[in-house]
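Structural overview
Each chain, letter by letter, is given below.
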Amino acid sequence: MLFNSLDFALFLPVVFLLYWFTVQRHLKVQNVLIVVASYVFYGWWDWRFLGLIAFSTIVDYTIGLLLAKQSSPVKRKGLLWASIIINIGLLGVFKYYNFFVANFTEAFSFLGSKIQGNTLNIILPVGISFYTFQTLSYTIDVYRGKLQSTKDFIAFAAFVGFFPQLVAGPIERATHLLPQFFKQRRFNYSKAVDGLRQILWGLFKKVVIADNCAQFANLIFDNYTDYSGSTLLLGAVFFAFQIYGDFSGYSDIAIGTSRLFGFELKQNFAFPYFSRDIAEFWRRWHISLSTWFRDYIYIPLGGSRGAVWLQIRNVFVIFLISGFWHGANWTFIVWGFLNALYFLPLLLLKKNRVHTNVIAGHSKFPSLKEFSMMLVTFTITTFAWIFFRAETVVQAFDYVLRLFNLSLFSMPEVRPRFLIVLIAFFVLVEWCGRHQLYAIERLWLRYPRGMRWTIYYAIVMVIFLYGGKEQEFIYFQF
Amino acid sequence: MRVFLIRLILFLLLVAGSVFFLFSQADGYSDPYYLKFTSPKQRSLILGSSRAAQGIRPEIINNIVKDLSLYNYSFTILSSPFGKVYYESILKKLDTLRNGGVFVIEVNPWSISSHVQHLDTMHGVREESLHLGTTQYVNDCPNVLYLLKSYKSRYVNIIQNKFRKGEVMDMFLHDDGWLEVDIAMDSVSVNRRTLSKLDIYRGYLQDYRFSDWRYIWLQSTVSLLKKYGTVYLIRLPVHEEMLRTEAQLIPDFNSKMESLSLAAGVYYVDYNDLQESFSFTDGNHLSKTSASNLSKMIGELILSNRNIYNANGEIRIR
């Protein structure tokens, strides 16, 4: 079920009313309702893959219980590896099997020996990369003693399948989300209104910005050989806004929806396009995934400690894995590699933690220096997005070659004025709200209610009038 | 919670009211299909592809045959080839409480052909996901479900197109279902469009074949309509090159239609004999002027055949 669909518009109020009016007093029943609603939500897309979520839930629940009983370090490690192998194994089969088979077949053919690889005719279960990482975080944290394993299977199933963030994150840590299923939730007016506000802004990002950008980004990328360099540049910029609007919009809707049910999820995007360098960008982009990699891979590898070559290795490992996590295609790996290249100088010069505050913290506008840094960061990020969006690495390089020629200085053939105005409005609101968890969190709160309602009403109508046609969220495929 | 719900409901009512107002503004400029799903059930229908949608004007026929009220319920070759989807939609549009209607069914080789992958099956055919397949209610005004589920443009176009008429707008759907297309008719533009259209259709020859399945659905459609009135199978004129392309797709198309008309006891007329008297916008669709001329001819045919039918009850097949 898509957040931007009629189905979800009917599903959400039904679950909300049942949750607060019929099962409010019983925590267990509330959790059961969450599990049922989450399975309906997921099964709406394809019920056959519900078994995978259930399997993953049972495996990690059981391993969590066994870890609690087990004191032998060797056996505990064995249990941890069992969880990792099962979860990553599922991911490997469904997401990466065909990629590896195709690449091995090609590699052997290149070396002169013809082999026949049997690929699987399977589709990628939506959200598998997200819930797999979420359940893994539970087992790892239990193993590390950061969290006690739970005996409450329903609460654990609700944690794994929690529908607002099941298919595209944010990837919640068990230490943060799981305890919330054990606490009595009470309806809170301010939180609920805040949740609705965040849903509204998320829908604006997704339906107005991302879906409209998608229309033109797709047009340009799919026919890139027909367009001038300036149009290709515009196509890359549209894609940069598409992916940001799409993914951060989804996160906003997920966080807002969770808040309606009394849950707090962590911020997943913190205005990444206002970053002054790539290190800041990665602290602000897909925070739940970046911190997951940081805590469970980068730091155990040694992080930024140790010899220089180890630091370099760790940076490449983390960015290449991040790229590969996004999809079984070399384009994502090149994208990860590019970001590692961008990041490396900052790490080696120990300048990767220079910009930890909000840009132009005490003024309305950025300084010229800040603006230039922001522009450079946005430019190199957008350049990397070309590889992320392209179908193949060859196509990406061809796109780049065609972009950098004299026609870069001509007028673009595609000039959707309405979209450029919408993007300008969007950037302005995001800039004004950059100190907050999401752009409109407190932006208009000091205005009288009538004016606030007018603004929200205007946003709803813009979503309705200018909304692109219903498109799947990009991150569903990851 | 009560305050929250009351305020939320008030806000949503405000939004719903605005949306409903916006939807009530949808008209023939909104898209080429919407009005067809807002008219009431009809006693007499024009059916077929975009050739009929643009090429047959109910108003002209209705003026000739005085007691007739034909409604053009034709769409496009992609959304309304003969099949289960179109049949069920026709059934919803048809006023089954009254008899004595007239049904003009435009037929052409493409409307009884399918992609080779779906020759004998409903499953996976394209029309399932297009307007007719996704529009469950076809007689509601305003048709909220159509606008929510099947309307393909941004909603702002409902308003914008009203102000753009005469500027960039080149299509207008009349209340009687006729799709008026205003397009440059100078020879250079017409030739360019014709060549492009021919290229597309010649490309279709690779993957499209005559479909028994669609032919059976055409038979079922004819049988259904025959219960409620007189049925005319009409083949509209097209550019000679297009006609040649169609002959490659189904060489015995006319004899197939003649057998069908004989078996079902309905009329079949192929206007391609008079092809030179018509002009086309792109080799596939009649120009506005030719649409008027052809509609006049169909009107006269209905009128004369009505007389013949009334006089001796026989069916004349041309």
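Model, not experiment: these values are computed from the prediction. (Residues numbered from 1 in each chain as written. Chains lettered and ligands numbered in written order. Predicted model: local features only at pLDDT ≥ 70, side-chain atom pairs only at ≥ 80, totals over all residues.)

Notes on the domain arrangement of chain A
When the parts of a complex come together, some accessible area is lost, and that lost area is often used as the size of the interface. Residues and elements named next belong to chain A. Taken domain by domain, chain A holds domain 1 (6–186) and domain 2 (190–276 + 355–477). Computed over C-alpha atoms, the centres of domain 1 and domain 2 are 29 Å apart. Each partner contributes to the interface: domain 1 provides 17 residues, whereas domain 2 provides 17 residues. Ranked by residue count, the leading element in the side of domain 1 that touches domain 2 is helix 1 (residues 6–22), at three residues. (Domains from an automatic or database assignment. Contact = placed C-beta atoms within 7 Å. Helix = DSSP H or I, 4+ residues; strand = E, 2+ residues; numbered from the N terminus.)

Some thoughts on the interface of chain B and chain A
Of the residues lining the interface, 13 residues belong to chain B; the matching set on chain A comes to 14 residues. A per-element tally of the side of chain B that touches chain A places helix 1 (residues 2–24) of chain B first, with seven residues. In terms of residue class, the side of chain B that touches chain A is built from ten nonpolar, one polar and two charged. (Nonpolar A, V, L, I, M, F, W, Y, C, P; charged D, E, K, R; others polar.)

Some points on the packing of helix 8 (residues 187–207) of chain B against helix 10 (residues 240–249) of chain B
All names here are of chain B. Axis separation between helix 8 and helix 10 bottoms out at 10 Å; the angle between their running directions is 5°. Looking at the two axes, helix 8 sits roughly parallel to helix 10. Counted together, Leu198, Tyr201, Arg202 and Leu205 of helix 8 and Glu241, Met242, Thr245, Gln248 and Leu249 of helix 10 form the full contact between these two elements. The residue makeup of the contact of helix 8 with helix 10, split by class, is five nonpolar, two polar and two charged. (Axes fitted to C-alpha atoms, helices over the stretch in contact; angles between N-to-C directions. Parallel < 35°, antiparallel > 145°, perpendicular 65-115°, else oblique.)

Structural notes on the nonpolar core
Counting residues in hydrophobic clusters, the biggest one holds 122 residues, and the most contacted among them are Phe159, Cys213 and Phe387 of chain A. In terms of residues, this core owes the most to one element, helix 9 (residues 229–260) of chain A, which gives 17 residues. Here this core spans two domains, since at least three of its residues come from each of domain 1 (6–186) and domain 2 (190–276 + 355–477) of chain A. Sequence-distant contacts of Cys213 of chain A, that is, excluding residues within four places in its chain, are made with Phe238, Phe241, Gln242, Gly245 and Leu419 of chain A. Judged by nonpolar contacts, the second largest core, of 69 residues, contains Ile105, Tyr201, Tyr228 and Tyr267 of chain B. (Core = buried A, V, L, I, M, F, W, Y, C linked by C-beta atoms within 7 Å. Buried ≥ 20, exposed ≤ 12 C-beta atoms within 10 Å, placed from the backbone.)

Some thoughts on the sheet that holds strand 2 (residues 70–72) of chain B
Residues and elements named next belong to chain B. The strand order across the open sheet formed by five strands is 2-1-3-8-9, and the pairing between neighbours is parallel. The open sheet is flanked by strand 2 and strand 9 (267–270), the only strands paired with a single partner. Neighbour to neighbour, the strand axes of the sheet diverge by 20° on average, direction disregarded. Here strand 1 (residues 44–47) runs beside strand 2; their pairing, made up of three bridges, is parallel. The residue of strand 2 that forms the bridge with Ile46 is Asn72. Running over the sheet, helix 9 (residues 212–226) touches strand 3 (101–106) and strand 8 (229–235) and is turned about 145° from strand 8. (Pairing = 2+ DSSP bridges.)

Concerning unusual backbone geometry
Pro142 of chain B follows Cys141 of chain B through a cis peptide bond whose omega is -5°. Tracing the sequence through the fold places Pro142 of chain B in the loop between helix 5 (131–134) and helix 6 (144–149). If you check the backbone angles, Phe271 of chain A has positive phi at about 55° while not being a glycine. Turning to its location among the elements, Phe271 of chain A is positioned in the loop between helix 9 and helix 10 (278–284). Non-glycine residue Lys350 of chain A carries a positive phi angle of around 55°. Assignment of secondary structure puts Lys350 of chain A in the loop between helix 13 (330–348) and helix 14 (368–389). Overall, Lys350 of chain A belongs to the exposed group, with 9 C-beta atoms counted inside 10 Å.

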